[in-house]
Structure formats: C-alpha cells, structure tokens
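Spelled out from the first residue to the last, the chains are:
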Amino acid sequence: MRYAMAVDTHKCVGCSDCVVACQTENNVPIGYCRDWVVEVTDGTYPNLEAEIRSERCNHCENSPCVRCCPTGASHYAEGGVVLVTPEKCIGCGACIASCPYDARYPHPDGYVDKCTFCLENRVKKGLNPACVSVCPTKCMYFGDLDDPNSPVSKVLKNRKYKTLIPEAGTNPQLYFLI
Amino acid sequence: MSTRRSFIKISALGLGGIAAAGGLTRMAMGSSVMDTITKKTPGKEKLLHRTPTYCEICFWQCAGWVYKDDEGKIKKIVGNEDDQHCNGRFCPRGTGGIGQYYDEDRLKTPLIRTTIDGKQTFREASWDEALDLIAKKMKDIAGKYGTESMALFSHGSGGAHFGQLLKAFGSTSIAAPSFAQCRGPREVGFLTTFGDIIYSPERIDIRDTRCLVLIGSHLGENMHNGQVQEMSDAIDRGATIITVDPRFSTAAGKSKHWLPIKPATDMALLLSWIHVLIENEWYDKEYVALHTTGFEQLKEHVKTYTPEWAYGITTIDPNMIVETAREMRDASPAVIINPGRHVTWYGDDTQRLRAVAILTALLGSWGRRGGYYQPEKFHLPSFPVPAFPTPKRQPSQVYEGKYTLANEVVANGICDATIPTGLDKGKYKGWIVNGTNLLAALPDQAKTLKAIEALDLLVVVDTMPIELTGYADVVLPECTYLERYDMIRNSNHRQPNLALRMPATEPKYKSKPAEWIAKELAGKLGLSAWFPWENIEEMLDWQLKKAGTSLDEMKRIGVKNFPRETDDLYFKEGEEVSFNTNSGKIELYSSDMEAAGFAPLPVYTAHEEPPDGFYRLIYGRAPMHTFSRTANNPNLTDLMDENVLWVNPKVAKLWGLESGQPVKLKNQDDVISTFPIKVRVTERIRWDSVYMVHGFGHNNPKLTRAFGRGVSDTELITRVHIDPAMGGTGMRGNFVTFITDINNTEKEAEV
Ligand code: SF4
Ligand code: SF4
Ligand code: SF4
C-alpha cells in the first residue's frame, strides 16, 4: 500500500477551504496550518499565466525528516504516510530544518506537527482526508498507488503531473496535475 | 462634531464576558435533538453528534451538519450530501463559520444609549428593559408620524422575523441592500426581457454548459458555492471559459480566453457581440423566431456596433471579439453569459444586464440545457395569521416617480427619504437594522450618517459590534445561526427542496435568536396575534407537516428534496412558451423600458475616466470572506486578515511603490482613507485601475482582529451613479490616488 495525493492545479481556485477544514478536523490551533495555498503568476499584463495549488507534507518516500529525527518520533506509518508521535517528539526541530518544503511547524504543546493525510482519524475509517472531502472544486484525489482503481492512480494515469523540488531526491507522494 | 448622536465605542464599556444564558429561552435542547450518527463503514464506533443547519455566512445558504463532541462543544461544520446548494461541501467561510460562534468580540448583552456627565455612552440592560424601550419609542413614532415611518433594513435570515413584526406594526418599508446595492439591475434587466428573474442560487446550468462567459464576475474569488463546484465540473468536461475582466482574476487564469477590458466599457463589448451574432447569422434563428419580439429593431439598432467600433472603446482586439462570439455560437444553446450578482457599477446597469439578456436570447440559452434552467420551489404554506394592516404609505411612494422598474424596495431610497429637506421633516423616524452593516453596505457614508442623525430610534440587531452599533439607541445581541432556529429554507432550484436550521447549542452570553426577539417585541407592542405560536418549533412543525414531513424528520435529515411538479426544467423542442412579459414573448425590444421612459434597446454611454494621477477603484471578493461581516472571524482572519492594494508594476514604478509598503488613498472628492493599506505590486491588474477586496478597514476597536486592518472601499465610494430604472447605486465611478507619506495625513483623516 502506498498512499498518495494529487492536486489539480487547473481546478484549484485557492479558496483555502482545505486549510480551514484541516484546522477544524485536526484541532490545529489558529495561527498554524498543516496545509496552505501557493499562487504563482508568470508573464506581463496581459500575457499572463497563473498556477494555484494546495500544498502540504509530501509524505516523501525518502524523507530527510525521518532520517534526521533523533528519537524516532518521525516515522513511516501504514502506506508510507510520514507521521510524528507527539509523545516521542522532544521538539528539537531537526526535522523542520531538514524538510525542503517547510511542511512542519512547532505545535504550541511542545511537539512538531504536520499533515498526517488524516490517516488515523479518517483514512483508516474509509474516509478521504478532510481537505479532499471539503474541497468545493473537487480538485484533490487521494488513494493507494498500488491499487490501479484508486482515484489517485486513475488521475495520474490520464494526466500530466509534476512534483515539487524533485531534485531534492525525496521522492514526494504529493502530485500536481498540470 | 456636535451631533446629537455621537459614535460610541462599545469597547468603552466594561462588558462582562460571563453572562448567564437568559432564563427566557424556550428552546428544547434535550437529547432528542442530538442524533448520534454512525459512519457508513461497518463495525466502526459512534462518532460526534450532529444537528442540521443551513449556513448564514453568505446568502447561498448551504445546508450542512454541525458536529459536536461529547461535551456538546462545536467542533466542525460540514455540508449535507443531499443539498443542491452545496452537494456535501461547504466553502471556506462556511467551514470556518464555527469562528462566528467562538468569536469573543461578539455582542453579549442588550445596550441602551445614555448620557453620563454630558457624555454619550452605552449601558447594559436586560432584554425586558431594552425591548420595553423600543416598544415605547415605536409607539411614539406611530402616534406622531404613523406606523409607516418605521423601516427595516435586513440581510439574512432575521429579515423574515423582523419583517413579520414590521408588517404587523403597519409598515411595508422592508429593504435589503442585496437589491439596489447588488443584484437589482440583473433582476430588472431579465424581468423586462424574459418576464422572470434570476433567483438565488442563480438558475444557470453551469453543470451542463459548454461555454461559460464571465463578465464582471470573478467566480472562485466570489465563492458562490454551487457555481464554483459546477465551474470545476465544467473545466473537467472541457467547457470553454471566457472571462472579461480588467484584472487577471482566478477565473481568468482558468479561461481559454481572457479579455482584459478597459474598465467601464463592458456595454460596448456586449453590443458588439450582439452585432457579430446578428451580422454573421450566428444566432439561434428558430428560437428567435418562435420566442422573441423586436428582432428587426434590434438588428437595426446594433448595425454600427462593429468589433472595430468596440475595439476603440474596450481595447479588445476585434478578432478576439469575433472569435469569442464564434465560441458562443458553437456552444449554443449550452452557453451562459453570466448575469453576475453584484452588478451595480455605473448607473446604466439595468441596460447592461438587458444586453446580457438579449445575448442570452439570441443564443437560445434561456430554458435550455447548459444555459438557464427553469427552477422550481416548494409550495410551503405559512402559519395562518390575521391580515396585515394596510399602511398609509408604501415605500415606493417615498421615491415617487423614481426607480419605477424596481421590483423590490430600494434601500437607498429609504435612506434618502429619511433625511429632512426643507419643510419635509424626513419620511422615516425609526429604523431597525438586522444583519447588515449599513455603513459598509450603502455607499456614501456621509449620507447614511445624515439619515441616522434624523432618526428618533435606531435599533441595531447583530451578532457583532459592527460600526453601525456605535450610532444605535438600542443594540440587541442576536445569537449566531448555530444557536437558533430560523424559517425553513425554501429555495428555487432544479428540484424543490426544504432545509432546516436548528440550534446546535444554547445561545452564548445573553444573545437571543431573531425569531425570539421579534416575537417578544410584538408582545410588547400588542401584536401577538401575528406570532400566534407558542414557540417557533410549533410553527415549523405545523409547516413541515403540511409539507408531508415533520420537525422530527427534518432534524434527522436536514434537507428534503421533492420531485418537480412540472417536467419543465428545460423547454421542449419547438414548444410554445408563454413569457410573463407584456407581449408574452421574450422582449428583445422592451416595452416595459419604453413605457417607463427608458431606452427600449440598450445603448452605449461613455463613463467618466480617471483624472491624471488617479486610478479607478475596483473592488471584489475573497473566497474566505463575506462582505464586511466575516472580517473579525478568528478562523477566517487566520486565512486573510487585511486587504491589500493591487497595483500594476508600471504604476508602482511611477510612484516608487513596493510590495508591502503601506499607503493611504485619497479619492476624487479628497476623502482620505482612515487607515493605510499595503501595496501588492502585480501584473494581474491593469495600469489604469487599482483593486482591493471589499469588507476591510473596520474602525470599531471592539472588533479586535478587524480594527484598522486594511482600507474600507466604501469610505472611498463617495460618488454614486444611480440607476434611474431601479435605484441601483453604481459604485465603480470612483478614483483614487496614493498618499505615500502616511503619517502626515493622520490629522486630515480624522475629520
Ligand atoms: S479547497 Fe480545493 S480549491 Fe480551495 S484552495 Fe484547497 S485545494 Fe484549492
Ligand atoms: S515534505 Fe517534509 S515533512 Fe513531509 S515527508 Fe517530506 S521532508 Fe518530511
Ligand atoms: S457558500 Fe459558503 S458561506 Fe455561503 S452559505 Fe455556502 S458554505 Fe456558507
């Protein structure tokens, strides 16, 4: 099992519903977020192009954050999802420094937090992650890459896509449809 | 300033945060209303409790579920899968609606204006005392000036309850800024053409369209939930999107064609499109012959509106005008020229929307799949009450002879009529304002304040200490939509449907539901006959049983969809249709317009251009905020806590502006913004305009997250172009320049 997510940049409108839904679903304190929206504009008026995408932890297959964690708090869980065990985390911040995507934040309760793909609270119950469920444009696809019929496998088969900072060699599992 | 009614900052009071829930509440909060749901996956444990609601953060009114934990604490709000407004997905504002409930800056207790040591201030009052005072003043006004001298302004669900109260009292002056400040011109433009309005949610079939033309609508930034969802489906299906906007909007970024039009020239483009369709015979001939009148006059009328003519005005390449018209023809009838929503721009807006309606007719898309569908609404009987008294004066009489085509009450007409002139002491003496910050909703704040100054009674019912509360005689804290019942939502849609809102929890502080406030006040005014139910549950249950369901069932399902009564979502092939116009046909040439003394076919009028060194002020929406009402919501300010000023790099260079630099703005009438706004240098805006999101720049310090954040566009909109047809307040004819030395203007700005 390999969990992955794809975000369709042609449909995302940057509304940030994914951000609020994650906050209310996962008790992310106000002022912090596990996912966020990036907008890139290219060109000069009136020859312009824009890309909007919802970003989060890439659940890298080769994650520097897991490698550098001194306590084993950062680890691979079911389906390759990268998780942090709060009880084991000493808040040293090594993982924050090692992540090329700035995907982690120090939770005010003293541990490091980030996107979990809603593994425990939703995915294991057969639900989609909160961001995927709420998105008004239905621009996110989630599932198991080992299952050719999962929404994410299907959409990656039919569309062009990219990952972020591939040169970092982290092997990200968050795909952007372009 | 020596006004009788000085602005009171609610923060000046020691408002106790901990007020016990009033003993007057009659809401049933027993466990019977808390359905425990089990997730569909077999063998999984029970989860949070949920109760149904429909969202009040904007007018879209999506139905959803409020989830609470075991202690009854509200955790999250999600969409109801059966709801046609949201299809199980709320927008960010609805998801963050939870913040409206938890906002610690909420109004907490009734307040009464009083004078202590010559200084005006508010004092806390009990509900009884506050309502007694309002009732006494309303009776005084009725005795001295007549019941028709009371007016209600409302936006949202409270309007139904206070409307009932006002009608029982003897006034029909019930206005919502959503008409003359927003969608009025499109309703009148379509009414005079098709004999029917657009409704809300709009009857546009984006789901099945092949070409969506957005003109002055930035879907995706204005988060009309169902429309944004369907636009996304349309993208998936490969539909063509054409966006006309001087700004490279989010939608422009998703469009096949973006037409970067010179602001204020949309009419020329529309007329030219009509010209191209007719000259090339690209219109739906059969449809036009079968359903319309006035084609020959129209053809003659648009002869000179060539793409080359339009190019000189709009700066849009003539080939592109032809190309986009061809795209529309190719897609027709599955094509939508979006009628938009906030369309009060330049004062000739009804005419512009007439042009949109005419295009729609030429493309044969009204009544056709992928164009405009025929919505249907459930026939829900009202709880029987006595006939309402007939007031001595109807609101239209206060603006006699003006705005004759308005099909709803014109809010600014009432505001204007309140201001005394010469011998006229003002036609209104009391206002109740519910759920709308009139100082932000109506343009020309100075005028609104003049009207307020002339009132004997201003009651503001709101959840938040919006600016208007500072001018009130009595402030009533309304509870949020998560803490109350309201009327059943009964909307026009593809299928008739009903939705229930019920309290997820007890009202916080001493706040009360609008329905309770209206009923109590009615009691004190001797008008209980119009509120004959014991409590609102009894009334709702009566209505729902007539509809073949019940309050109990609706508490479990939240939304009920009904089969259509008539199978007419779209016109049948070749079907004869009778339209509700004078001729019974679609009127390309409008007899209503002509009879009212207006141009029966839309004409192009040039609008004023920015003076040297000034830029047209364009405003719009952000997906995470609704007008000015969400600017203090903790969850939503977390996403966006101020507006910024979009400035083209060329302009920025000229003025030496950098991104992030705070500037103040001065408009053509020398009005300077109270607060500074940060510049965002971006290629996404034309060089002759600047852009900001509406709803920021609050100046009541009690709004701790919103105070002083960004600039209020409304305060800079001092020049208003009134639409003579229906009273719309055109707001896009204002120009601003930059004040880079923001500290030097402090003094001026305070004036
Ligand atoms: S909710 Fe969907 S459309 Fe909105 S920002 Fe997130 S991914 Fe984009
Ligand atoms: S995105 Fe960052 S936090 Fe997430 S797995 Fe990769 S390196 Fe670790
Ligand atoms: S569109 Fe958003 S704010 Fe408006 S009613 Fe729906 S969920 Fe609420």
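From a predicted model like this one, the values you see are computed outputs, not experimental measurements. (Residues numbered from 1 in each chain as written. Chains lettered and ligands numbered in written order. Predicted model: local features only at pLDDT ≥ 70, side-chain atom pairs only at ≥ 80, totals over all residues. Heavy atoms only, no water.)

What follows covers the site of ligand 3. Ligand 3 sits among C55, I57, C58, W60, Q61, C62, F90, C91, R93, G94, M223 and N225 of chain B. Looking at the shell around ligand 3 residue by residue, the classes come out as 8 nonpolar, 3 polar and 1 charged. (Near = heavy atom within 4 Å. Nonpolar A, V, L, I, M, F, W, Y, C, P; charged D, E, K, R; others polar.)

Tallying the contact residues gives 43 residues for chain B and 42 residues for chain A. Contact between chain B and chain A buries roughly 3200 Å² in total, counting both sides, with carbon and sulfur atoms accounting for 57%. The largest contributions to the chain B side of the interface with chain A come from R89, K254 and E683 of chain B, which together make up 18% of the buried area. Counting the contacts that link chain B with chain A gives 5 salt bridges. Of the charged contacts in the structure, one is a salt bridge between K138 of chain A and D233 of chain B, with a shortest N-O distance of 3.2 Å. Joining chain B to chain A, the criterion identifies 18 residue pairs in polar contact (both at pLDDT 80 or more). Where the side of chain B that touches chain A is concerned, the elements lending two or more residues are β4 (74-79), α1 (92-95), α6 (225-236) and α20 (634-637) of chain B. Grouping the constituent residues of the side of chain B that touches chain A by class yields 19 nonpolar, 10 polar and 14 charged. (Contact = heavy atoms within 4.5 Å. Buried area = accessible area lost by both parts, 1.4 Å probe. Salt bridge = Lys/Arg side-chain N within 4 Å of Asp/Glu carboxyl O. Polar contact = N/O pair within 3.5 Å; in protein donor to acceptor, adjacent residues only side chain to side chain. Helix = DSSP H or I, 4+ residues; strand = E, 2+ residues; numbered from the N terminus.)

The next point concerns helix α16 (residues 514-524) of chain B. Here α16 of chain B lies mainly inside the structure; 8 of its 11 residues are buried. Of all the positions in α16 of chain B, only A514, E515, W516, I517, A518, K519, L521 and A522 of chain B are classed as buried. (Buried < 20%, exposed > 50% of the residue type's maximum accessible area, 1.4 Å probe, protein only.)

The subject of this paragraph is the pattern of salt bridges. Residue and element names in this part refer to chain B. Evaluation of the coordinates by the stated rule reveals 61 salt bridges over all chains. Notably, a salt bridge pairs D205 with R494, separated by 2.7 Å at the nearest N-O pair. Within this pair, whereas D205 is found in the loop between α5 (177-194) and β9 (211-215), its partner R494 is found in the loop between β17 (489-491) and β18 (497-499), the two being separated by 289 residues in sequence. Accessibility expressed as a relative area gives 0% for D205, which makes it buried. Among the ionic pairs, R686 bridges to D688, the shortest N-O distance being 3.1 Å. A relative accessible area of 3% places R686 in the buried class. Of the residues examined, D688 reaches a relative accessible area of 16% and is grouped as buried. One salt-bridge network, held together by shared partners, links R183, R186, E187, E202, R341 and E408.

Residues and elements named next belong to chain B. Read from one edge of the open sheet, 7 strands run β6-β5-β16-β15-β14-β7-β8, paired in mixed fashion. Because the sheet does not close on itself, it has two edges, and the strands there are β6 (119-124) and β8 (174-175). Bridge count between strand β5 (residues 111-116) and strand β16 (residues 474-477): 2 bridges; the pairing is antiparallel. Bridging from a neighbouring strand, I112 pairs with V474 of β16. Contacting β5, β6, β7 (150-154), β14 (430-434), β15 (457-462) and β16, helix α3 (residues 127-145) crosses the sheet at an angle of about 130 degrees to β16. (Pairing = 2+ DSSP bridges. Axes fitted to C-alpha atoms, helices over the stretch in contact; angles between N-to-C directions.)

As a further point, take the domain arrangement of chain B. All names here are of chain B. According to the domain assignment, chain B contains domain 1 (200-374 + 570-595) and domain 2 (615-739). The C-alpha-based centres of domain 1 and domain 2 are spaced at 29 Å. Facing 24 residues of domain 1, the contacting portion of domain 2 comprises 26 residues. A buried area of about 1900 Å², summed over both sides, lies between domain 1 and domain 2, and 55% of it is on carbon and sulfur atoms. Counting across the domain 1 and domain 2 interface gives 0 salt bridges. On inspection of domain 1 and its partner domain 2, the count reaches 11 residue pairs in polar contact (both at pLDDT 80 or more). When grouped by side-chain class, the residues that make up the side of domain 1 that touches domain 2 number 9 nonpolar, 10 polar and 5 charged. (Domains from an automatic or database assignment.)

Along any regular strand the residues' side chains alternate between the sheet's two faces. Residues and elements named next belong to chain A. The element strand β8 (residues 140-144) is extensively covered by neighbouring structure, given that 5 of its 5 residues are classed as buried. Relative to β8, strand β1 (residues 3-8) runs antiparallel, the two sharing 5 bridges. Note that in β8 the partner of Y3 across the bridge is D144.

Attention shifts here to the environment of Q661 of chain B. Residues and elements named next belong to chain B. With respect to the element layout, Q661 can be found in the loop between α21 (649-655) and β23 (662-667). For the pair Q661 and Q227, spaced 434 residues apart in sequence, the C-alpha to C-alpha distance is 35 Å. Here E658 takes part through its backbone nitrogen, which lies 2.9 Å from a polar atom of the side chain of Q661.

A word on the nonpolar core. Residues and elements named next belong to chain B. In this structure, F190, W273, I274, L298, I337, L362 and W366 are the most contacted members of the largest nonpolar core, which totals 71 residues. If we skip the residues at most four places from it in the chain, F190 touches G195, D196, I198, P339, L353, V356, A357, T360, W366 and Y372. Grouped together as the second largest cluster of nonpolar side chains are 49 residues, L166, F378, L476 and F531 included. (Core = buried A, V, L, I, M, F, W, Y, C linked by side-chain atoms within 4.5 Å.)

This part is about the environment of V7 of chain A. All names here are of chain A. Structurally, V7 is set in strand β1. Taking the relative accessible area as the measure of exposure, V7 reaches 0% and is therefore buried. Between the alpha carbons of V7 and P70 there is a distance of 32 Å; along the sequence they are 63 residues apart.

On to α3 of chain B. Residues and elements named next belong to chain B. With 19 residues, α3 extends 26 Å between its outermost C-alpha atoms, agreeing within 8% with the 27 Å of an ideal straight helix rising 1.5 Å per residue. W127, A130, L131, I134, A135, M138 and I141 are the residues of α3 that are buried. Viewed along the axis of α3, the buried residues span an arc of 130 degrees, placing them on a single side of the element. Those residues of α3 that are exposed and aimed more than 90 degrees away from the buried face are G143 and K144. G146 sits one or two residues past α3 and shows a positive phi near 100 degrees. (Expected span 1.5 Å × (residues − 1). Arc of directions from axis to C-beta.)

Next up on the list: the packing of α3 of chain B against α16 of chain B. Residues and elements named next belong to chain B. For the pair α3 and α16, the least separation of the axes is 9 Å and the interaxial angle reads 55 degrees. Comparing their axes, α16 and α3 come out oblique. Every pair of crossing elements has a handedness; the one defined by α3 and α16 is right-handed. Only W516, I517, E520, L521 and K524 of α16 make contact with α3, whose side of the interface consists of W127, D128, L131, D132, I134, A135, M138 and K139. (Parallel < 35°, antiparallel > 145°, perpendicular 65-115°, else oblique. Left-handed = near helix turned anticlockwise from the far one by under 90°.)

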